[in-house]
Amino acid sequence: MSIVARHLSNIKASPTTTISNLAMDLERQGRDIIRMSAGEPDFNTPEHIKQAAIEALERNQTKYPHVNGIVELREAICAKLKRENDLDYGVDQILVTAGGKQAIYNALVASLNPGDEVIIPAPYWVSYPDMVLLNGGVPVIVQTDSDHGFTLTPEALEAAITDNTKWLILNNPNNPSGAVMEESDLKALAQVLRDHPQVWILSDDIYEHIVYDGIRFTTMAQVAPDLYPRTLTMNGFSKAYCMTGWRLGYAAAPRELISAMSKIQSQSTSGVNSISQWAGIAALEGDQSFIAEHNASFVQRRDLALSILNQCNGLHCAPPKGAFYLYVDCKELMGRTTAQGKTLECDEDFSTYLLDSQGVAAVHGAAFGLSPFFRISYATDEASIEAACTRIQAACGSLS
Ligand code: PLP
């Protein structure tokens, strides 16, 4: 009899982490690998944020923090939500979590009953379906397509809603497609949601600040204030503030949900490490100018990658408006054969071929629920991007 619980048999480890780990193992074996798989900015955490952590240590801010997050950080989050999103939240409506990931996880633990359905537009962030399954829910995957810019249409949403729908998860800007839903897109979805009061909205805004080409970010509770009583707005520090390792994120939601999520946190982690939280205050309240500088650099990197990939025989990708990923269409390559005689039948075959033949680690579209595509992250230096894309071009060119 296995020690492992039965319900884990449905669950897979995060594919992006699995591919990044495989790439690291190959590097250790001496292979020349370019990692384009991780969703992590290559920039360091800005100095003033690190300094705030050092000062917190020196002040001995090292005791158990409040389970919901230190009040100073929750106040800074409320101020941020007002300043940037025109949203009113009280400190008792905020839960500080170990990364945005734990905010989503706690929300699902706190709300799902067996059989509750969660609508997840594809392509999706790899963790949503497994988190739903882990908590007894049913992921309902709704396909989007590149012709509609990978955004969920009101018709597709309407068709997916049933009496059992508990949540709609919206990730804007989107990982992996980089698609951005603008105010009019969100308003069109809100119009559908008004007819279905049982459906809550989980708005994953983690890439909020990483938007390009003059796009103005908006979020559901802001554009549809009548949906505020059934919206959870989630955000974090990993991406814009380059704080992936600090494990800091948060949820803002109605009090009943936040206190249920807090109960879970009180019985699991007791909250988030205190030093990260003091650093988080400096992130929200300090100089923000580095965000625009990073975005300018992301745009250059995006355009560099696109200029090479769009010349590759069989690949297509439109310029995404946010996040730092390209979701590249590789449909035309399906059915072609590698120099080793392997016929490519799915996007996973292609990403395996890229890793084996060219040492480029990319993530296959099936991991994000929409095939045949692959995702590369361009949150890395231009030399690596150029080398990786040139290798991808060589891989495509040698298929027959
Ligand atoms: N949501 C999306 C769409 C993501 O891409 C990620 C990380 O890659 C997260 C949430 C969670 O980020 P973190 O837990 O580092 O805040």
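Residues numbered from 1 in each chain as written. Predicted model: local features only at pLDDT ≥ 70, side-chain atom pairs only at ≥ 80, totals over all residues. Heavy atoms only, no water.

Here the focus is the nonpolar core. Leu 232, Leu 315, Phe 374 and Ile 376 are the most contacted members of the largest nonpolar core, which totals 78 residues. Both domains that furnish three or more residues to this core are identified here as domain 1 (6-44 + 289-397) and domain 2 (63-285). Setting aside anything within four residues of it in sequence, one finds Phe 374 in contact with Leu 315, Leu 326, Tyr 327, Val 328, Cys 330, Phe 350, Leu 354, Ala 362, Val 363, His 364, Gly 365 and Ile 392. Counting 31 residues, the second-largest nonpolar core is a separate cluster that includes Cys 78, Leu 81, Trp 246 and Ala 283. (Core = buried A, V, L, I, M, F, W, Y, C linked by side-chain atoms within 4.5 Å. Buried < 20%, exposed > 50% of the residue type's maximum accessible area, 1.4 Å probe, protein only. Domains from an automatic or database assignment. Contact = heavy atoms within 4.5 Å.)

Scanning the entire structure with this criterion turns up five cavities of 30 Å³ or more. The volume enclosed by the largest cavity comes to roughly 140 Å³. Looking at the largest cavity, it is lined by 17 residues, and the ones nearest its centre are Pro 121, Phe 150, Asn 171, Asn 174 and Met 181. Residue assignment for the lining of the largest cavity shows that the elements contributing at least two residues are β3 (117-122) and β5 (165-171). Residue contributions to the lining of the largest cavity peak at three residues, all from β5. For the lining of the largest cavity, a count of residues per class yields 12 nonpolar, five polar and no charged. (1 Å grid on protein atoms, 1.4 Å probe; cavity = no way out; pocket = protein on both sides within 12 Å on 5 of 7 lines; lining within 4 Å. Points joined across faces, edges and corners; volume = space filled by probe spheres on them. Helix = DSSP H or I, 4+ residues; strand = E, 2+ residues; numbered from the N terminus. Nonpolar A, V, L, I, M, F, W, Y, C, P; charged D, E, K, R; others polar.)

Among the surface-exposed residues, Ile 3, Val 4 and Leu 8 lie close enough to one another that they form a single nonpolar patch of about 320 Å² accessible area. Structurally, the position occupied by Val 4 is in the segment before α1 (15-28). (Patch = residues over 30% accessible without salt bridge, like charges linked within 9 Å, V, L, I, M, F, W, Y side chains within 5 Å. Areas by Shrake-Rupley, 256 points an atom, 1.4 Å probe, with all protein chains shown as cover. Salt bridge = Lys/Arg side-chain N within 4 Å of Asp/Glu carboxyl O.)

Many authors give the size of an interface as the accessible area that is lost as the parts come together. If you check the domain split of the protein chain, you get domain 1 (6-44 + 289-397) and domain 2 (63-285). Just the C-alpha atoms count here: the centres of domain 1 and domain 2 sit 26 Å apart. Contacts between the two partners involve 35 residues from domain 1 and, on the opposite side, 30 residues from domain 2. On the domain 1 side of the contact with domain 2, Lys 321, Phe 368 and Leu 370 bury the most area, a combined 21% of that side's loss. Between Lys 321 and Asp 213 there is a salt bridge, with its nearest N and O atoms 3.9 Å apart. Our count for the contact surface shared by domain 1 and domain 2 stands at 15 residue pairs in polar contact (both at pLDDT 80 or more). Secondary structure elements with two or more residues in the side of domain 1 that touches domain 2: α1, α11 (289-309), β9 (325-329) and β12 (373-377). Top contributing element to the side of domain 1 that touches domain 2 by residue count: α11, with seven residues. (Buried area = accessible area lost by both parts, 1.4 Å probe. Polar contact = N/O pair within 3.5 Å; in protein donor to acceptor, adjacent residues only side chain to side chain.)

Further remarks concern the site of the ligand. Neighbouring the ligand are 13 residues; Gly 100, Asp 204, Ser 238, Lys 239 and Arg 247 lie closest to it. Between the ligand and Gly 100 there is a distance of 2.6 Å, counted from an oxygen atom to a backbone nitrogen or oxygen. One of the side-chain N or O atoms of Arg 247 is found 2.7 Å from an oxygen atom in the ligand. Per-element tally for the shell around the ligand: the top contributor is helix α4 (residues 99-111), with three residues. (Near = heavy atom within 4 Å.)

Bringing the environment of Gly 178 into the picture now. By secondary structure assignment, the location of Gly 178 is in the loop between β5 and α7 (183-193). Between the alpha carbons of Gly 178 and Lys 321 there is a distance of 6.0 Å; along the sequence they are 143 residues apart.

Moving on, we get to the packing of helix α2 (residues 47-58) against helix α10 (residues 274-285). Closest axis-to-axis distance for the α2/α10 pair is 8 Å, and the angle between their directions is 140°. It follows from the interaxial angle that α2 and α10 lie oblique. The handedness of the crossing between α2 and α10 is right-handed. Between α2, through His 48, Ile 49, Ala 52, Ala 53, Ala 56 and Leu 57, and α10, the contact on the second element is made entirely by Ile 275, Trp 278, Ala 279, Ala 282 and Ala 283. (Axes fitted to C-alpha atoms, helices over the stretch in contact; angles between N-to-C directions. Parallel < 35°, antiparallel > 145°, perpendicular 65-115°, else oblique. Left-handed = near helix turned anticlockwise from the far one by under 90°.)

What follows concerns the pattern of salt bridges. Under the definition given, this model contains 20 salt bridges. Where Arg 194 meets Asp 226, a salt bridge forms, and the shortest distance between an N and an O atom there is 2.6 Å. Highlighted residues: Arg 194 in the loop between α7 and β6 (200-204) and Asp 226 in the loop between α8 (220-223) and β7 (231-236), separated in sequence by 32 residues. The partner of Arg 302 in a salt bridge is Asp 303, and the shortest N-O contact between them spans 3.0 Å. Looking at Asp 303, the relative accessible area reads 35%, which means it is partly exposed. One continuous salt-bridge network, built from bridges that share partners, spans Asp 213, Arg 302, Asp 303 and Lys 321.

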